[in-house]
Amino acid sequence: VASPQAGASGMAMDGPIIADDQKPPLRIKVLGGRGFRKADMGPFKGDPFCVVEVSGQRWQTPVAKNTLEPVWNFEIDTTEYELGDWLHFTVWDRDHVTKDDLLGKC
């Protein structure tokens, strides 16, 4: 792929030019979390899950039942991204009667 900013070496001034078919897959690992607040009523702690978003794509971990320290070990592989795209992580508490509670985001 050529660029007006590329020199004879094929390098742009801010780094290499990568064609879409040469872009490496992006691997995202959502391992778990600690220190979430108790969001459920009564004796229950919470049922957290994490939503991951990049380039308009969205994935969700399984719900970890009755814990404030979830372990998901959830992996995502995608090539549908552009260099410089932001990754968004949002952790929610699953509620069956009311809407899910936001626990944190980054």
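Residues numbered from 1 in each chain as written. Predicted model: local features only at pLDDT ≥ 70, side-chain atom pairs only at ≥ 80, totals over all residues. Heavy atoms only, no water.

Visitor: How should the packing of aromatic side chains be read in this particular structure?
Guide: For any pair of aromatic rings, the description consists of the separation of the ring centres together with the inter-plane angle of the planes. A full pass over the atoms with the stated rule returns 0 aromatic pairs. The ring of Tyr 81 has Lys 23 lying over it, and the distance from NZ or CZ to the ring centre is 4.8 Å. For the cation-ring pair, Arg 94 lies above Phe 49, with the distance from its terminal atom to the ring centre recorded as 4.5 Å. (Phe/Tyr/Trp six-rings, centres within 6.5 Å; stacked < 30°, edge-to-face > 60°. Lys NZ or Arg CZ within 6 Å of the ring centre and 35° of its normal.)

Visitor: Would you take a moment to explain the pattern of salt bridges for this structure?
Guide: Applying the stated criterion to the full structure yields 4 salt bridges. A network of salt bridges, in which partner residues are shared, links Arg 27, Glu 75 and Asp 77. (Salt bridge = Lys/Arg side-chain N within 4 Å of Asp/Glu carboxyl O.)

Visitor: How should I be thinking about the sheet that holds strand 4 (residues 48-54) in this particular structure?
Guide: Sheets are built from strands paired through backbone hydrogen bonds, the pairs being either parallel or antiparallel. Pairing is antiparallel in the open sheet, where 4 strands are placed in the order 5-4-7-8. The open sheet is flanked by strand 5 (57-60) and strand 8 (101-105), the only strands paired with a single partner. Averaged over all pairs of adjacent strands, the angle between their axes in this sheet comes to 25 degrees, without regard to strand direction. (Pairing = 2+ DSSP bridges. Helix = DSSP H or I, 4+ residues; strand = E, 2+ residues; numbered from the N terminus. Axes fitted to C-alpha atoms, helices over the stretch in contact; angles between N-to-C directions.)

Visitor: Mind showing me how you'd approach the pairing of strand 7 (residues 88-93) here?
Guide: For a regular strand, side chains alternate in direction, first toward one face of the sheet and then toward the other. Direction of pairing for strand 4 relative to strand 7: antiparallel, over a ladder of 6 bridges. Opposite Val 52, over in strand 7, you have Phe 89 as the bridge partner.

Visitor: I tried to follow the nonpolar core on my own but got confused; where do I start?
Guide: Most often, soluble globular proteins have nonpolar side chains that are buried together. Residues Val 30, Val 52 and Trp 72 are the most contacted members of the largest nonpolar core, which totals 15 residues. Looking at this core, the elements that each hand over two or more residues are strand 3 (26-32), strand 4 and strand 6 (71-78). Those residues in contact with Val 52 that sit more than four places away from it in its chain are Ile 28, Val 30, Gln 57, Arg 58, Trp 59, Ile 76, His 88 and Phe 89. (Core = buried A, V, L, I, M, F, W, Y, C linked by side-chain atoms within 4.5 Å. Buried < 20%, exposed > 50% of the residue type's maximum accessible area, 1.4 Å probe, protein only. Contact = heavy atoms within 4.5 Å.)

Visitor: Help me understand the pairing of strand 6, please; the structure alone is not making it clear to me.
Guide: Covered by surrounding structure in strand 6 are Trp 72, Phe 74, Ile 76 and Thr 78 only, the residues Val 71, Asn 73, Glu 75 and Asp 77 on the alternate face being uncovered. Sheet analysis places strand 3 next to strand 6, joined by 6 bridges and oriented antiparallel. Counterpart to Gly 32 in the pairing with strand 6 is Val 71.

Visitor: Looking at this structure, how should I read the side chain of Asp 47?
Guide: Relative to the elements of secondary structure, Asp 47 occurs in the loop between strand 3 and strand 4. Buried within the structure, Asp 47 lacks any salt-bridge partner; its nearest side chain of opposite charge belongs to Lys 65, at an N-O separation of 5.4 Å. Of the polar contacts made by the side chain of Asp 47, one reaches the backbone nitrogen of Asn 66; its length is 2.7 Å. Beyond its immediate chain neighbours, meaning those up to four positions away, Asp 47 contacts Asp 40, Val 63, Ala 64, Lys 65, Asn 66, Trp 92, Asp 93 and Arg 94. (Lys, Arg positive; Asp, Glu negative; His and termini not counted. Polar contact = N/O pair within 3.5 Å; in protein donor to acceptor, adjacent residues only side chain to side chain.)

Visitor: Would you mind showing me how to read the environment of Val 91 here?
Guide: Among the secondary structure elements, Val 91 is positioned in strand 7. Sequence separation between Val 91 and Leu 102 is 11 residues, and the spatial gap between their C-alpha atoms is 6.3 Å. Here Val 91 is in contact with Phe 36, Pro 48, Phe 49, Cys 50, Trp 72, Asp 101, Leu 102, Leu 103 and Gly 104, once residues within four sequence places are set aside.

Visitor: Is there a simple way to think about the environment of Asp 77 in this case?
Guide: Secondary-structure assignment places Asp 77 in strand 6. On the basis of relative accessibility, which here comes to 46%, the residue Asp 77 falls in the partly exposed class. Taking the C-alpha atoms as reference, Asp 77 lies 6.5 Å from Ile 28; in sequence the two are 49 residues apart. Among residues more than four places away in sequence, those in contact with Asp 77 are Leu 26 and Arg 27.

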